[in-house]
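The primary structure of each chain is shown beneath.
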Amino acid sequence: MNTLALFGGTPALTQPLTPYRSTGKEEEEAVIRTMRSGTLSGFFGSWGEEFHGGPEVRAFEKAWAHRFTCKHAITVNSNTSGLIAAMGAIGTSPGDEIIVPPFSMSATVMAPLIYGGIPVFVDLEPETFCLDPDKVRAAITPKTRAILAVNMFGHPAALHELRSLADEKGIYLIEDAAQSPLAMENGRYAGTIGHIGIFSLNYHKHIHTGEGGVCCTNDDDLAKRLCAIRNHGENVVEPMGIRDITNMVGFNFRLTELQAAIGIEQLKKIDALVDAREAIAHRLSEATHNLPGLAPPVVRAGCRHVHYVWMARYNATQTGVPRKDVIAALNAEGVPAYEGYLEPLYMLPVFQRRHAIGRDGWPFTLSDRAYAPGLCPIAERLQHNEIIAFAVCSYQLNLSEQDSVIAGFEKVFTNLNALRNR
Ligand SMILES: Cc1ncc(COP(=O)(O)O)c(C=O)c1O
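Residues numbered from 1 in each chain as written. Predicted model: local features only at pLDDT ≥ 70, side-chain atom pairs only at ≥ 80, totals over all residues.

Notes on the overall build of the protein
- Within the protein, the secondary structure is distributed over 15 helices and 14 strands.
- Whereas a compact globule of 422 residues would reach a radius of gyration of roughly 22 Å, the protein reaches 22 Å, a difference of no more than 12%.
- Within the span of the protein, comprising 422 residues, buried residues form 49% of the whole.
- Long-range pairs, those at least 24 residues apart, make up 69% of the contacts in the protein between residues at least 6 apart in sequence. (Helix = DSSP H or I, 4+ residues; strand = E, 2+ residues; numbered from the N terminus. Rg over C-alpha atoms; globule rule 2.2 N^0.38 Å. Buried ≥ 20, exposed ≤ 12 C-beta atoms within 10 Å, placed from the backbone. Contact = placed C-beta atoms within 7 Å.)

Here you go:
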């Protein structure tokens, strides 16, 4: 029983884990009802009743603003669109610097480039995988327009500290809250502490509408600009009373009525879904925190972590077993853990070759910022040596599956000798 599956023993898990599914009968009925209404999108790209979308979109936005206690919730068709809209709304101009973390999904650091913004990578706090506020302070220059913080893997960045810093310097704090619905810092929701916070509703997330996103803000002017960028704003700046027309070049970032109808039902379930995820992650952390060389995710005091991914840190120097061997043993036990997250984003060809928009390397031609390997040593160390990830977002994990995953971790980490001696 105790022989590692890697060496011919019986695996801890004999069945694949149940895939995560947050939708059900309620969403199905909402879709049918909306289909039957005949209105699949309620938007019109010029000024009038329909500029702000149809009844489902408006009801979803109202419900979202209420649940997340923010003044304005503006739906968009993805978090990526929301990030672009946010960069536009804050007036990002060619050559402006936007401070970003090296860990995120690539969309975060691409959004500034659309307006000629220059991503400036700042290293992480090793415990939370989020921007280190001291390093952010040191990176601010007269060209800095915004800090774009990501609430990574469901843990809030140091949001209050970053917001105070942004206010002190007269710049913006934008939150990428794609992975962090209902995460909190000091009693406030992640995604509502920055000037704008953007959630994702893509199908990997805690709740989803297939694709989609929501921008939250408490600022009336930013809300107006976000709405304009979402829906061909060039047509409506006059009736909307927008005098500064910087970046009022609109897109079609509109959510459909069908997606919004699903979103309304998903929002009713969000507490139960996030609570369940938190409980699973907590159980996994409790069961693994004494295993040699393994440090489960940290939850900073005053924070709620919503665990998009359960990210542990592994110390191979302490155990003498390379991370890749531990992962091979976990996978053989049927535990779908993996090494690292993504290469730090400055390693993407767009930065390494300084080639983004157009043929001539714009906007990098406006800046002498370099993106050499070694730029963010903590992120590189986490990625290359330390992170052991378990994507809790992908699985439903009933109690018996949780037991088996825990048994898999325990089996591997109590048999490190077998891996060491092979
Ligand atoms: C941190 C982060 N930012 C941005 C995105 C992009 O979200 P979307 O697919 O809704 O555009 C994701 C999606 O996985 C994400 O995790």
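Considering helix α1 (residues 25-37)
- The end-to-end C-alpha distance of α1 is 18 Å, a good match for the 18 Å that 13 residues give at a rise of 1.5 Å each.
- All buried positions along α1 are accounted for by E27, A30 and T34. The buried residues of α1 occupy one face: seen down the axis, they fall within an arc of 60°. The exposed set on the far side of α1, more than 90 degrees from its buried face, consists of K25, E28, E29, I32, R33 and R36. (Expected span 1.5 Å × (residues − 1). Arc of directions from axis to C-beta.)

Structural notes on the nonpolar core
- With 118 residues, the main nonpolar core has A86, I147, A149 and C215 as its most contacted residues.
- The element best represented in this core is helix α9 (residues 257-288), accounting for 9 residues.
- For A86, the residues in contact, after removing those within four places along its chain, are I174, I196, I198 and C215. (Core = buried A, V, L, I, M, F, W, Y, C linked by C-beta atoms within 7 Å.)

Points about the sheet that holds strand β3 (residues 118-121)
- Reading across the sheet, the 7 strands line up as β1-β9-β8-β5-β4-β2-β3 and stay open at both edges, with mixed pairing between neighbours. The open sheet has two edge strands with one neighbour each: β1 (72-76) and β3. Going across the sheet, the axis of each strand differs from the next one's by a mean of 25°, ignoring polarity.
- Those strands touched by helix α2 (residues 55-67) are β1 and β9 (213-217), and its axis lies near 135° from that of β1.
- Packed onto the sheet, helix α7 (residues 220-230) meets β1, β8 (196-200) and β9 and runs at close to 15° relative to β1. (Pairing = 2+ DSSP bridges. Axes fitted to C-alpha atoms, helices over the stretch in contact; angles between N-to-C directions.)

Structural notes on the confidence of the model for the protein
- Counting all residues, the mean pLDDT for the protein is 97, and 100% of those residues have values of 70 or more.
- Of all helices and strands in the protein, the one with the weakest mean pLDDT is helix α15 (residues 416-420) (94), whereas strand β5 (residues 172-176) scores best (99). (pLDDT = per-residue confidence, 0-100.)

Examining the packing of α1 against α9
- Direction vectors running N to C along α1 and α9 enclose 150°, while the axes themselves pass 9 Å from each other. Pair α1 / α9 crosses with right-handed handedness. Residues E26, E27, A30, V31 and T34 of α1 form the contact with α9, whose own contacting residues are E257, L258, A261, I262, I264, E265 and Q266. (Left-handed = near helix turned anticlockwise from the far one by under 90°.)

Concerning the environment of G340
- Structurally, the position occupied by G340 is in the loop between β13 (337-339) and α12 (349-352).
- In this structure, the C-alpha to C-alpha distance between G340 and S81, residues 259 residues apart in sequence, is 27 Å.
- Ignoring any residue separated from it by four or fewer positions in sequence, one finds G340 in contact with Q383, H384 and I387.

Some remarks on the pairing of strand β12 (residues 310-314)
- Taking burial as the measure, the 5 residues of β12 include 4 buried ones, the bulk of the element.
- Pairing geometry for β12 and strand β14 (residues 387-390), over 4 bridges, is antiparallel. Paired with M311 across the bridge in β14 is A389.

Observations concerning the sheet that holds β12
- Here we have 4 strands laid out as an open sheet, ordered β10-β12-β14-β13, and antiparallel in their pairing. Looking at the sheet topology across the chains shown, the edges are occupied by β10 (294-295) and β13.
- Where β10 lies against β12, 2 bridges are found, and the strand directions are antiparallel. Residue pairing across strands places A295 opposite R313, the latter belonging to β12.

Section: the site of the ligand
- Residues in contact with the ligand amount to 15 residues; listed here are only the nearest, S78, N79, T80, A178 and S200.
- When residues of the shell around the ligand are traced back to their parent elements, those giving at least two are α3 (79-89) and α4 (107-114).
- Class assignment of the residues belonging to the shell around the ligand gives a composition of 4 nonpolar, 10 polar and 1 charged. (Near = placed C-beta within 6 Å. Nonpolar A, V, L, I, M, F, W, Y, C, P; charged D, E, K, R; others polar.)

Some points on unusual backbone geometry
- Residue P363 follows W362 across a cis peptide bond; omega there is 5°.
- Along the chain, P363 falls in the loop between α12 and α13 (377-386).

Observations regarding the environment of L419
- Secondary-structure assignment places L419 in helix α15.
- Along the chain, L419 and M105 lie 314 residues apart, while their C-alpha atoms are 33 Å from each other.
- Contact partners of L419, with chain neighbours within four places excluded, come to V321, D325, V326 and A329.

Description of the pairing of strand β2 (residues 97-100)
- Burial of the side chains of β2 extends over both faces: E97 and I99 are buried on one face and I98 and V100 on the other.
- Sheet topology places β2 next to β3; 4 bridges connect them, and they run parallel. Residue pairing in the sheet places E97 in a bridge with I118 of β3.
- With α4 bridging β2 and its parallel neighbour β3, the resulting β-α-β unit is right-handed.
- In this structure, β2 lies alongside strand β4 (residues 144-150), joined through 3 bridges in parallel fashion. Across the sheet, I98 pairs through a bridge with A146, a residue of β4. (Right-handed = clockwise from strand over helix to strand, strands pointing away.)

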